Amino acid sequence: MATRSVLASGPGGKDIVMVATREELSTPSKVTLPEPEPTPGLIMPDGSINWGCPCLGGMATGPCGLQFRDAFSCFHYSDAEPKGSDCYEKFSVMQECMSQYPELYGREEDEELSNAISESAAEDSSRIGKAVSVAGAQEVRGAGDGPAEVKKTK
């Protein structure tokens, strides 16, 4: 087998260039690569916030990035009950900033979400109203640990 040429380049010889022969290239590689390290999510293994996480959708770097990071950090590290209840002011500052950039932070999306929630709540209350009227037309007998007896009223 022919000898392989190895060249070092870069500052301090940190880069290595290996020139393979035709014979070496004609057989499958025997190189094994290490398993890739798992990509960190929003929270790093040490408990800190990964501001580079794509799950944040660029919120940490936009025009209101500083306010977002302040509010999110406050919530993440909050010990208050309920969690984040001590962060109201920081979230208000962030919301005020975001209201100045509706083209970036989607006022329409907020309105669409609000409308969807309202419609869902209206449907739920309609269903609850029907269930109450059906239950109102029935007389329920029984108390304690035994089974309840349902008797339809006229």
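These remarks concern the structure in this document. (Residues numbered from 1 in each chain as written. Predicted model: local features only at pLDDT ≥ 70, side-chain atom pairs only at ≥ 80, totals over all residues. Heavy atoms only, no water.)

## Side note on the overall build of the protein
On a plain count of helices and strands, the protein comes out with five helices and four strands. Starting at the N terminus, the α and β elements of the protein follow one another as β-β-α-α-α-α-α-β-β. Residue pairs in contact within the protein that sit at least 24 positions apart in sequence constitute 23% of those at least 6 positions apart. In the form shown here, the protein has an accessible surface area of approximately 12,600 Å², with 57% of it arising from carbon and sulfur atoms. (Helix = DSSP H or I, 4+ residues; strand = E, 2+ residues; numbered from the N terminus. Contact = heavy atoms within 4.5 Å. Areas by Shrake-Rupley, 256 points an atom, 1.4 Å probe, with all protein chains shown as cover.)

## Focus: a nonpolar patch on the surface
There is a patch of nonpolar side chains on the surface, built from Leu 7, Val 17 and Val 19 and spanning about 240 Å² of accessible area. Structurally, Val 19 is set in strand 2 (residues 15–19). With relative accessibility at 41%, the residue Val 19 sits in the partly exposed group. (Patch = residues over 30% accessible without salt bridge, like charges linked within 9 Å, V, L, I, M, F, W, Y side chains within 5 Å. Salt bridge = Lys/Arg side-chain N within 4 Å of Asp/Glu carboxyl O. Buried < 20%, exposed > 50% of the residue type's maximum accessible area, 1.4 Å probe, protein only.)

## Some thoughts on the environment of Cys 53
In this structure, Cys 53 sits in the loop between helix 1 (22–25) and helix 2 (65–77). Put simply, Cys 53 and Ile 43 are 10 residues apart on the chain and 8.8 Å apart in space, counted from C-alpha to C-alpha. Ignoring sequence-local partners within four residues, the contact set of Cys 53 consists of Gly 41 and Leu 42.

## Side note on the nonpolar core
Core analysis: the biggest nonpolar cluster contains 11 residues, these being Ile 49, Leu 56, Ala 60, Cys 64, Phe 68, Ala 71, Phe 72, Met 94, Cys 97, Met 98 and Tyr 105. Within the residue set of this core, elements represented by two or more residues are helix 2 and helix 3 (88–99). (Core = buried A, V, L, I, M, F, W, Y, C linked by side-chain atoms within 4.5 Å.)

## Observations concerning helix 3
The end-to-end C-alpha distance of helix 3, which contains 12 residues, comes to 16 Å, matching closely the 16 Å that a straight helix rising 1.5 Å per residue would cover. Every buried residue belonging to helix 3 is among Met 94, Cys 97 and Met 98, and all of these are buried. Buried positions in helix 3, seen along its axis, are confined to an arc of 100 degrees and lie on one side of it. More than 90 degrees from the buried face of helix 3, the exposed residues found are Tyr 88, Glu 89 and Gln 95. Elements in contact with the buried residues of helix 3: helix 2 and helix 4 (102–105). (Expected span 1.5 Å × (residues − 1). Arc of directions from axis to C-beta.)

## Digging into unusual backbone geometry
Omega for the peptide link from Glu 81 to Pro 82 comes to -10 degrees, which places this bond in the cis form. Position of Pro 82 among the secondary structure elements: in the loop between helix 2 and helix 3.

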